[in-house]
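# Summary of structural features
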Amino acid sequence: MKQKLTFFFMAAYLWITFIMLGAFILEVFMVYPNIFHNIPKSFAVSMDFMEAASPHTFFPPLGFASWVTGAGALLLVWKMKAARNWVLGSILVMILLGVISMVFEWPRNEIMFIEGQSVHSVQFLKQTAREFLMINWIRVACNTFGAIMVFVGFLKFYQCRLRYSE
């Protein structure tokens, strides 16, 4: 039973991490070019488009699910040193990703999309957008690195599982 539960948490953590990575890449190459192409006009158009749902409604719950499934996976593979270190590393990277988002990206989102031109100059909004995009590449790198680590951790777990079943 523990093996099935461990497999579930490892697979769920891997799946959620890959969904996050795919969503980050989609944002970078499809959403952000539309949001940042004509500041501040493109901000208003983007806000109109994202009225029903936005990255803010998608990423925080998915990030939390990543932390929960990662913690469950880590607890369940703790005795498998080969898998444990990779899963722990990926969790630390994903926590770093979340902290970077909360500390650096969320305040810039508020400046660009909540306060906007009514509070800030166009030049300041452009500078904030450049900072946001630069920091976002760090987030993409963290997500990519974390996804690779959890994938290796999953393979190590599966390898151990196969050895013990023989």
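Since we're looking at a predicted model, the values are computed, not measured. (Residues numbered from 1 in each chain as written. Predicted model: local features only at pLDDT ≥ 70, side-chain atom pairs only at ≥ 80, totals over all residues. Heavy atoms only, no water.)

Bringing the UniProt feature "transmembrane region" (unreviewed entry) in the protein chain into the picture now. Taking the UniProt record as the reference, the feature "transmembrane region" (unreviewed entry) is found at residues 7-32, 58-78, 85-104 and 137-158. As annotated, residues 58-78 has a helix share of 95% and a strand share of 0%, and its two end C-alpha atoms lie 30 Å apart. Along residues 85-104 one finds 100% helix and 0% strand; the C-alpha atoms at either end are 28 Å apart. (UniProt positions renumbered as here; feature names shortened; annotations may be inferred. Helix = DSSP H or I, 4+ residues; strand = E, 2+ residues; numbered from the N terminus.)

Our next topic: the nonpolar core. Ranked by internal contacts, the top residues of the largest apolar core, which has 31 residues, are Met10, Tyr13, Phe24, Val77, Val87, Leu97 and Phe157. Sorting the residues of this core by element identifies α1 (2-35), α3 (55-77), α4 (81-119) and α5 (122-165) as the ones contributing at least two each. No other element matches α1, which puts nine residues into this core. Beyond its immediate stretch of four places on either side in the chain, methionine 10 contacts Ala73, Val77, Val87, Gly153, Phe154 and Phe157. Ranked by size, the runner-up nonpolar core spans 12 residues in total, among them Tyr32, Met112, Leu125 and Ala129. (Core = buried A, V, L, I, M, F, W, Y, C linked by side-chain atoms within 4.5 Å. Buried < 20%, exposed > 50% of the residue type's maximum accessible area, 1.4 Å probe, protein only. Contact = heavy atoms within 4.5 Å.)

A word on the side chain of serine 46. Tracing the backbone through its elements, the reader meets serine 46 in helix α2 (residues 41-49). Residue serine 46 is classed as buried on the basis of its relative accessible area, which comes to 6%. Residues in contact with serine 46, not counting those within four places in the same chain, are Asn34 and Ile35.

Let us now look at the packing of α3 against α4. Taken N-terminus to C-terminus, the directions of α3 and α4 make an angle of 160°; their axes are 9 Å apart at the nearest point. Between α3 and α4, the crossing angle belongs to the class labelled roughly antiparallel. Seen from above, α3 lies across α4 with left-handed handedness. Between α3 and α4, the contacting residues are Pro60, Ser66, Trp67, Gly70, Ala71, Ala73, Leu74 and Val77 on the first element and Ala83, Arg84, Val87, Leu88, Ile91, Met94, Ile95, Gly98, Met102 and Trp106 on the second. Here the residues of the contact of α3 with α4 sort into 14 nonpolar, three polar and one charged. (Axes fitted to C-alpha atoms, helices over the stretch in contact; angles between N-to-C directions. Parallel < 35°, antiparallel > 145°, perpendicular 65-115°, else oblique. Left-handed = near helix turned anticlockwise from the far one by under 90°. Nonpolar A, V, L, I, M, F, W, Y, C, P; charged D, E, K, R; others polar.)

Let us look at the environment of threonine 17. The residue threonine 17 is located in helix α1 in this model. Once the C-alpha coordinates of threonine 17 and glycine 146 are considered, the two residues, 129 residues apart in sequence, prove to be 7.6 Å apart. The residues contacting threonine 17, other than those within four sequence positions of it, are Ser66, Met94, Asn143, Gly146, Ala147 and Val150.

Turning next to the packing of aromatic side chains. Per the stated rule, a full pass over the model turns up 15 aromatic pairs. Arranged with centres 6.3 Å apart and planes meeting at 20°, the rings of phenylalanine 154 and tyrosine 158 form a pair that is stacked. One end of the pair is phenylalanine 154 and the other is tyrosine 158, both in helix α5 and four residues apart, which spans about a single turn. When its relative accessible area of 12% is taken as the criterion, phenylalanine 154 is described as buried. A network of ring pairs unites the aromatic residues Tyr32, Phe36, Phe43, Phe113 and Phe132 as a single cluster. Over the face of the ring belonging to tryptophan 78 we find arginine 84, whose NZ or CZ atom lies 4.8 Å from the ring centre. (Phe/Tyr/Trp six-rings, centres within 6.5 Å; stacked < 30°, edge-to-face > 60°. Lys NZ or Arg CZ within 6 Å of the ring centre and 35° of its normal.)

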